[in-house]
There are 2 protein chains.
Amino acid sequence: MGRIVITGSSGFVARHYLRYLEEKAAPVEVVGIDIDSPDYTGSDFKYIKLNHKTIDLMNTSHLSDIIKEFMPQRILHLASFSSVAFSWQEPIMSFRNNTNIFLNLLDAVRKVNPEARILSVGSSDEYGAVNEEDLPLREDSPLIPVSPYAVARVSQELLSKVYANGYGLDIVMTRSFNHIGTGQKDVFALSSFARQLTEIKKAGLSGGELTVGDVSVVRDFIDIRDVVEAYNALFERGRKGEVYNVCSGRGKTLNAMIDKMAHILGIDVTLAVSQNLVRPADNKIVIGSNDKIRRETGWNTRYSLDESLRDLLAYWMAR
Amino acid sequence: MGRIVITGSSGFVARHYLRYLEEKAAPVEVVGIDIDSPDYTGSDFKYIKLNHKTIDLMNTSHLSDIIKEFMPQRILHLASFSSVAFSWQEPIMSFRNNTNIFLNLLDAVRKVNPEARILSVGSSDEYGAVNEEDLPLREDSPLIPVSPYAVARVSQELLSKVYANGYGLDIVMTRSFNHIGTGQKDVFALSSFARQLTEIKKAGLSGGELTVGDVSVVRDFIDIRDVVEAYNALFERGRKGEVYNVCSGRGKTLNAMIDKMAHILGIDVTLAVSQNLVRPADNKIVIGSNDKIRRETGWNTRYSLDESLRDLLAYWMAR
């Protein structure tokens with residue numbers, strides 16, 4: 001039976017990854033590590049033997065003990081303070097809860113379980129101040145991070161490379177683009193829009209006002225169900241020490257995403273820009289190429305943008 | 001009277017910078033911050049009004065209080081665990097005592113003294129896995145860090161850029177190349193060689209054996225007195241948000257440096273390679289271009305390699 005550690009196991013992506021494992025219907029043992037308790041339990045799963053450890057990844061000795069005892073073959077590192085907005089407010093805390101916790105994990109694995117394959121989940125924010133001629137972004141495009149969060153993610157990736165090449169650890173890296181999916185917190189733009197739009201709909205109104213940041217930015221949104229399948233493909237067929245974009249390859253303005261959702265719900269909206277939501281510096285256009293992961297692992301996206309948005313809105317309608 | 005904070009004030013570079021300030025013979029107020037106490041006191045200086053704070057830069061509130069009370073115009077950030085070898089042994093501690101302490105400093109300055117000019121001292125190690133066609137290294141050459149220390153320094157630089165461009169802080173950055181100078185600890189190759197060579201000389205022997213790592217690597221060595229003058233030039237004329245190489249522009253193998261020193265002392269040496277001193281991954285050739293700092297600040301080197309090595313050997317002979 002396979003043994004997998006998931007860090008950040010109480011989070012949005014972890015829940016979708018667990019659902020993916022459950023749907024594979026093959027027995028697997030999972031140790032989840034998170035500073036928070038999850039909103040699910042082992043009895044929610046038939047094929048997953050689940051154990052949860054509520055610890056802070058800054059606690060290196062506790063972390064090391066868990067890895068040493070469980071000796072996972074795979075470690076999916078999802079733990080992250082992944083809000084860019086938060087990183088501008090609390091850069092020290094953001095950096096610690098991205099880069100430092102990851103370094104602690106790497107070093108524990110180096111010492112007690114160096115054969116494990118680690119999937120280091122990074123972010124499209126690493127590309128940063130993109131030049132239009134570099135689009136779509138490829139894995140060898142320059143990294144010009146412009147937010148504290150993005151720097152933390154680049155640092156994580158650079159550490160991954162040192163641990164892969166210098167210490168010989170089996171690490172595969174991602175730069176994961178914007179997610180669409182149920183259960184994502186509404187501090188993220190798309191979930192915030194979906195929540196606000198469905199509130200208007202549920203109130204029986206034909207329209208209303210949305211509070212937004214800069215909606216002219218272009219992002220590459222990918223369904224979370226495609227994301228977790230990509231992570232599985234990288235565990236199985238990713239090359240050690242390599243980084244892979246996990247993206248749809250298609251770019252949309254946030255404005256267009258709002259229009260699509262409003263259209264699905266059949267409502268009209270006006271936008272109110274809140275300066276609190278506009279960032280000191282931001283990437284204008286982010287569109288990735290997924291050629292590498294498709295070519296090397298055979299993975300591909302399965303969900304259309306329309307399906308993803310309909311499922312997202314259905315989730316928020318039901319809340 | 002100018003007010004300067006020096007972090008890492010008990011270290012080798014700080015002592016040379018203080019000597020430089022003293023030689024300028026203009027009154028200046030300095031607050032030194034270091035986890036260790038320095039081996040000098042205020043009474044060693046005539047022009048410098050010195051105050052030392054023995055604190056850990058991980059202590060953010062204490063640090064912030066010091067900055068707020070003193071309100072320096074300039075902050076020279078020298079505090080660093082700057083040994084590459086140590087970073088391979090203790091990557092977590094190395095990262096914390098490079099990147100995290102610097103982030104703490106940046107964030108304190110952002111909150112309580114955002115007008116201060118910060119000199120963020122980085123390292124030539126940031127260039128990492130250099131391609132020969134990129135030599136001499138310019139500030140826009142790619143950064144491919146290969147050690148934990150180098151990653152920590154790249155992270156520091158990326159944070160500097162975010163704080164300069166995102167928060168508007170007045171930060172100038174360096175990538176400082178290998179130093180030659182008195183007072184440098186002998187965990188660094190050149191000081192180790194000088195110590196070992198002068199021990200042979202002082203024992204009255206005509207030759208002996210030196211314990212070394214990989215001496216085929218090429219490095220760009222610059223006199224510490226030229227380094228501190230460059231830092232002053234960057235405080236005065238460096239451009240905000242810009243990074244500058246601080247280097248001599250000339251490359252030598254470590255082997256050639258040993259030969260030169262043995263020649264000055266008139267002794268013969270054989271080399272014994274210790275695998276403990278050979279690193280998991282290392283940069284083969286590091287030679288910088290100092291065009292940018294010379295062009296923009298008028299600074300230039302003043303010490304020849306021969307002068308630097310003679311002064312270094314005289315220092316170790318006297319110990």
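Residues numbered from 1 in each chain as written. Chains lettered and ligands numbered in written order. Predicted model: local features only at pLDDT ≥ 70, side-chain atom pairs only at ≥ 80, totals over all residues. Heavy atoms only, no water.

Asks: Please explain the overall build of chain A as it appears in this structure.
Replies: The helix and strand tally for chain A stands at 10 helices and 13 strands. Radius of gyration (C-alpha) of chain A: 19 Å, near the 20 Å computed for a compact globule of 319 residues. Taken along its principal axes, the extent of the C-alpha atoms in chain A is 60 × 45 × 40 Å. Going through the 319 residues of chain A one by one, you find that 55% of them count as buried. Only carbon and sulfur atoms are counted for the fraction: they give 47% of the accessible area of chain A, which is about 12800 Å². (Helix = DSSP H or I, 4+ residues; strand = E, 2+ residues; numbered from the N terminus. Rg over C-alpha atoms; globule rule 2.2 N^0.38 Å. Buried < 20%, exposed > 50% of the residue type's maximum accessible area, 1.4 Å probe, protein only. Areas by Shrake-Rupley, 256 points an atom, 1.4 Å probe, with all protein chains shown as cover.)

Asks: What am I meant to see in the packing of aromatic side chains here?
Replies: Any two aromatic rings considered together are summarised by their centre-to-centre distance and by the angle between their planes. Enumeration over the complete set of coordinates arrives at 15 aromatic pairs over all chains. Centre to centre, the rings of Y40 of chain A and F45 of chain A are 5.9 Å apart; their planes meet at 80 degrees, and the pair counts as edge-to-face. Residue Y40 of chain A shares its accessibility class with F45 of chain A, and that shared class is buried. Put simply, the rings of W88 of chain A together with Y163 and Y167 of chain B touch in pairs and so form one group of aromatic residues. We note R110 of chain A situated over the ring of Y167 of chain A; from NZ or CZ to the ring centre the distance is 4.4 Å. Just above the ring of W316 of chain B sits the side chain of R319 of chain B; from NZ or CZ to the centre is 5.2 Å. (Phe/Tyr/Trp six-rings, centres within 6.5 Å; stacked < 30°, edge-to-face > 60°. Lys NZ or Arg CZ within 6 Å of the ring centre and 35° of its normal.)

Asks: Could you clarify how one ought to interpret the sheet that holds strand β5 (residues 117–123) of chain A in this entry?
Replies: The strands making up a sheet are joined through hydrogen bonds of the backbone, oriented either antiparallel or parallel. Residues and elements named next belong to chain A. Across the sheet, seven strands lie side by side as β3-β2-β1-β4-β5-β6-β11; this open sheet has parallel pairing. On the outer flanks of this sheet lie β3 (48–54) and β11 (243–246), each paired with one strand and no other. On average, adjacent strands in this sheet sit at an angle of 20 degrees to one another, irrespective of strand direction. Here strand β1 (residues 2–7) runs beside strand β2 (residues 28–34); their pairing, made up of six bridges, is parallel. Bridged to G2 within β2 is V28. Its contacts with the sheet put helix α1 (residues 12–24) on β1, β2, β3 and β4 (74–77), and the angle it makes with β1 is roughly 165 degrees. Across the face of the sheet, helix α2 (residues 60–70) comes into contact with β1, β2, β3 and β4 while running at roughly 180 degrees to β2. (Pairing = 2+ DSSP bridges. Axes fitted to C-alpha atoms, helices over the stretch in contact; angles between N-to-C directions. Contact = heavy atoms within 4.5 Å.)

Asks: Honestly, the environment of N276 of chain A in this entry has me stumped. Any pointers?
Replies: All names here are of chain A. Note that N276 resides in the loop between β13 (268–273) and α9 (291–297). Overall, N276 belongs to the exposed group, its relative accessible area being 72%. When the C-alpha positions of N276 and P91 are compared, they lie 16 Å apart, and in sequence the two are 185 residues distant.

Asks: Got a minute to help me understand the relation of the copies chain A and chain B in this structure?
Replies: Two chain copies, one operation linking them: a rotation about an axis together with a shift along it. By a simple turn and slide, chain A fits onto chain B: the slide is 0.0 Å along the axis, the RMSD is 0.0 Å, and the turn is 180 degrees. In the structure described here, the two chain copies are related by an operation that fits a two-fold rotation axis. Closest to the rotation axis within chain A is the C-alpha of S155 of chain A, separated from it by 2.8 Å. Most of the interface of chain A is mirrored in chain B: 100% of its interface residues are interface residues there too. (Least-squares fit on C-alpha atoms with pLDDT ≥ 70 in both.)

Asks: Which parts of the structure should I look at to understand the pairing of strand β1 (residues 2–7) of chain B?
Replies: Each regular strand displays side chains that alternate between the two surfaces of the sheet. Residues and elements named next belong to chain B. Note that the unit made of β1, helix α1 (residues 12–24) and strand β2 (residues 28–34) has a crossover that is right-handed. As paired elements, β1 and strand β4 (residues 74–77) share four bridges and run parallel to each other. Pairing of I6 across the sheet is with L76, part of β4. (Right-handed = clockwise from strand over helix to strand, strands pointing away.)

Asks: Can you help me understand the side chain of R117 of chain A in this one?
Replies: Tracing the sequence through the fold places R117 of chain A in strand β5. In terms of polar contacts, R117 of chain A uses its side chain to reach the backbone carbonyl oxygen of L234 of chain A, at 3.1 Å. (Polar contact = N/O pair within 3.5 Å; in protein donor to acceptor, adjacent residues only side chain to side chain.)

Asks: For this particular structure, what's the right way to read unusual backbone geometry?
Replies: Leave glycine aside and you will find that most residues have negative phi; peptide bonds, for their part, are mostly trans. Residues and elements named next belong to chain A. A cis amide bond, omega -10 degrees, links L135 with the succeeding residue P136. Of note, P136 is situated in the loop between β5 and α5 (148–165). One non-glycine residue with positive phi stands out, namely A25, at about 60 degrees. Of note in the backbone geometry, M71 takes a positive phi value of approximately 45 degrees without being a glycine. Structurally, M71 can be placed in the loop between α2 and β4.

Asks: Looking at this structure, I do not really get the interface of chain A and chain B. What am I missing?
Replies: By a widely used convention, the size of an interface equals the accessible area lost when the partners come together. Taken together, the 27 residues of chain A in the interface contact 27 residues of chain B. Together chain A and chain B conceal approximately 2100 Å² of surface at their shared face, both sides included; 73% is due to carbon and sulfur atoms. Among the residues chain A hides against chain B, the three largest losses belong to I92, L158 and V162 of chain A. Together they make up 24% of the total. Our enumeration of links across chain A and chain B arrives at zero salt bridges. Counting residues per element, the ones that place at least two in the side of chain A that touches chain B are α3 (84–89), α4 (91–112) and α5 of chain A. Among the elements that line the side of chain A that touches chain B, the one with the most residues is α4 of chain A, at nine residues. Here the side of chain A that touches chain B is composed, by residue class, of 16 nonpolar, nine polar and two charged. (Buried area = accessible area lost by both parts, 1.4 Å probe. Salt bridge = Lys/Arg side-chain N within 4 Å of Asp/Glu carboxyl O. Nonpolar A, V, L, I, M, F, W, Y, C, P; charged D, E, K, R; others polar.)

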